[in-house]
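# Summary of the model geometry
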Amino acid sequence: MTSIATVIGARPQFIKAAPVSLAIAALTNLNELIIHTGQHFDANMSDIFFEELGIARPAHHLGISGGGHGEMTGAMLAALEKIYLRIKPEAVLVYGDTNSTLAGALAATKLHIPVVHVEAGLRSFNRRMPEEQNRIVVDHLSDLLLAPSRIAINNLHREGIESTKMMQVGDVMYDATLLFGQQAIGSSTILNRLRMVGKDYVLATIHRAENTDDPARLIRIMEALRAVADTIPVILPIHPRTMAAIQQRGCDLGRVTIIEPVGYLDMIVLESQASVIATDSGGVQKEAYFHRVPCVTLRDETEWVELVETGWNVLAPPTDAASVAATILNRAGSTGEDTSPYGDGKAAEKVALSMAELLA
Ligand code: UDP
């Protein structure tokens, strides 16, 4: 049986991998071995997703997290090379844009193992973002580039990548939303626990380095959320990096309801019932659209430009707390055009089948 290695390590990668792993098992003869780098390690940033989404236990766990980008990526590179040499995968599958993605792809390329990149072609055109650096390098190393949208394909063309290597498959996160939506509604008790059943609220998530590592931006965002919470409840499932930054800066969040990061099923319910979602997350911007909830993106730019163009999302660069708060409050009730830029919910199948074809 042909073995492939899937390298994942961060929360959004577990969610992306879930529908793809199911499709690989159902539709191909490939034997998938999961390697967890350890980039995210808290139970509520990692284990919960394996349990809830039925992802196979990692065959290898590197336990590498923290440190600078170079230190983390370098340690992953060294560890992955050893594992690849031992298990000899026929291909390596990577997702998105984290240091785990970069290390997974680079270690494979050096050993002449084909790399498959899911979520290829995304660009923010902001080279200061670690994610943008990772995406560009990984796309140029990959042998099969599976893009979520037409715009992503165009970005790859513009960078001179051969058309024969790329395919527009749609967004596997849409598949995950469809796959786990009903289960979430049936099993999650999060709204009861937060006493939010039937109530209007804003869901917020913040974790991008550009927001957490810049004290002035962080303080403006938190001031904006505090101001919104004086009018409508704000629920903030807080990323560990953001929690550390808030504690370090001593930000006052007023009436904002801060909760631990939640599992994916609770997140689906929190997102789908929100009046507005305010976020700097890539995945959460799209999920807002999948649930047809208006979104405010607390960044200067976004990779998911289709959502801004169709009116579902607006950018609110955190330059002024009062105007960010006003933008969030004014978003309730807005809608956008009904289009499907991210496919038909069958992206995972296309990923599995195109990988099987690559290896046939
Ligand atoms: N998510 C979750 N629990 C949370 C916050 C986010 O399950 O408390 C999910 C969210 O639904 C989405 C993914 O994590 O599927 C997004 O990950 P994140 O925001 O960490 O990364 P990004 O998408 O920005 O790369």
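Just above, that's the structure.
How each quantity is defined
Residues numbered from 1 in each chain as written. Predicted model: local features only at pLDDT ≥ 70, side-chain atom pairs only at ≥ 80, totals over all residues. Heavy atoms only, no water. Pairing = 2+ DSSP bridges. Helix = DSSP H or I, 4+ residues; strand = E, 2+ residues; numbered from the N terminus. Near = heavy atom within 4 Å. Polar contact = N/O pair within 3.5 Å; in protein donor to acceptor, adjacent residues only side chain to side chain. Areas by Shrake-Rupley, 256 points an atom, 1.4 Å probe, with all protein chains shown as cover. 1 Å grid on protein atoms, 1.4 Å probe; cavity = no way out; pocket = protein on both sides within 12 Å on 5 of 7 lines; lining within 4 Å. Points joined across faces, edges and corners; volume = space filled by probe spheres on them. Nonpolar A, V, L, I, M, F, W, Y, C, P; charged D, E, K, R; others polar. Salt bridge = Lys/Arg side-chain N within 4 Å of Asp/Glu carboxyl O. Buried < 20%, exposed > 50% of the residue type's maximum accessible area, 1.4 Å probe, protein only. Axes fitted to C-alpha atoms, helices over the stretch in contact; angles between N-to-C directions. Parallel < 35°, antiparallel > 145°, perpendicular 65-115°, else oblique. Left-handed = near helix turned anticlockwise from the far one by under 90°. Contact = heavy atoms within 4.5 Å. Phe/Tyr/Trp six-rings, centres within 6.5 Å; stacked < 30°, edge-to-face > 60°. Lys NZ or Arg CZ within 6 Å of the ring centre and 35° of its normal.

### Overview of the sheet that holds strand E6 (residues 144-147)
With parallel pairing, the seven strands of this open sheet are ordered in space as E3-E2-E1-E4-E5-E6-E7. The sheet is open, and its two borders are formed by strand E3 (60-61) and strand E7 (166-168), each paired with just one other strand. Relative to strand E5 (residues 115-118), strand E4 (residues 91-95) runs parallel, the two being bridged by four bridges. From the neighbouring strand, Leu-93 faces E5, where its bridge partner is Val-116.

### A few points about the site of the ligand
Near the ligand there are 19 residues, and of these Val-262, Ser-281, Gly-282, Gly-283 and Glu-287 occur at the shortest range. Within the backbone of Gly-282, one N or O atom sits 2.9 Å away from an oxygen atom of the ligand. Interatomic distance of 2.6 Å between a side-chain N/O atom of Glu-287 and an oxygen atom of the ligand. The fraction of the free accessible surface of the ligand (530 Å²) that becomes covered by protein chains is 96%.

### Overview of empty space enclosed by the protein
Taken as a whole and assessed by the stated rule, the structure comprises one cavity of 30 Å³ or more. Reported here for the largest cavity is a volume of approximately 30 Å³. Around the largest cavity, the lining residues are Val-118, Glu-119, Leu-146, Pro-148, Val-169, Gly-170, Asp-171 and Val-172. Of the residues contributing to the lining of the largest cavity, the split by class is five nonpolar, one polar and two charged.

### Considerations on the pattern of salt bridges
Taken as a whole, this structure holds 18 salt bridges when the rule is applied. A salt bridge links Asp-139 to Arg-123, with the nearest nitrogen and oxygen atoms 2.9 Å apart. On the criterion of sequence distance, the pair formed by Asp-139 in helix H5 (residues 130-141) and Arg-123 in the loop between E5 and H5 is long-range, its members being 16 residues apart. Classification of Asp-139 by relative accessible area gives buried; the value is 1%. For Arg-123, a relative accessible area of 3% gives the class buried. Close ionic contact of Asp-266 with Arg-193 constitutes a salt bridge, the shortest N to O distance being 2.9 Å. In this pair, Asp-266 is assigned in helix H12 (residues 264-272) and Arg-193 in helix H8 (residues 190-193), connecting sequence segments 73 residues apart. Assessed through its relative accessible area of 13%, Asp-266 is described here as buried. In this structure Arg-193 comes out as exposed when scored by relative accessible area, which is 51%. Beyond isolated ion pairs, a larger network of salt bridges with shared partners links Asp-97, Glu-132, Arg-135, Glu-210, Arg-299, Glu-301 and Glu-303.

### Some thoughts on the packing of helix H1 (residues 11-27) against helix H16 (residues 347-359)
Packing of H1 against H16 brings their axes to within 8 Å, and their N-to-C directions diverge by 50°. Classified by the angle between their axes, H1 and H16 sit oblique to one another. Judged by the sense of rotation from one axis to the other, the crossing of H1 with H16 is right-handed. For the pair formed by H1 and H16, the contact residues are Pro-19, Val-20, Ala-23, Ile-24 and Leu-27 on the first element and Ala-348, Glu-349, Val-351, Ala-352, Leu-353 and Met-355 on the second. Of the residues assigned to the contact of H1 with H16, the class counts are ten nonpolar, no polar and one charged.

### Describing H12
Taking burial as the measure, the nine residues of H12 include nine buried ones, the bulk of the element. All of the buried residues in H12 are Tyr-264, Leu-265, Asp-266, Met-267, Ile-268, Val-269, Leu-270, Glu-271 and Ser-272.

### Here's the deal with the packing of aromatic side chains
Scanning the entire structure with this criterion turns up eight aromatic pairs. With a centroid separation of 5.3 Å and 85° between ring planes, the pair formed by Trp-304 and Tyr-342 is classed as edge-to-face. With Trp-304 in the loop between strand E12 (295-297) and helix H14 (305-309) and Tyr-342 in the loop between helix H15 (321-331) and H16, this residue pair connects regions lying 38 residues apart in the sequence. You can call Tyr-342 buried: its relative accessible area is 2%. Put simply, the rings of Tyr-174, Tyr-289, Phe-290, Trp-304, Trp-312 and Tyr-342 pair up and form one aromatic cluster. Positioned over the ring face of Tyr-289 is Arg-292, at 4.3 Å from the centre of the ring. Across the ring face of Trp-312, the terminal group of Arg-292 is positioned such that the distance to the ring centre comes to 5.8 Å.

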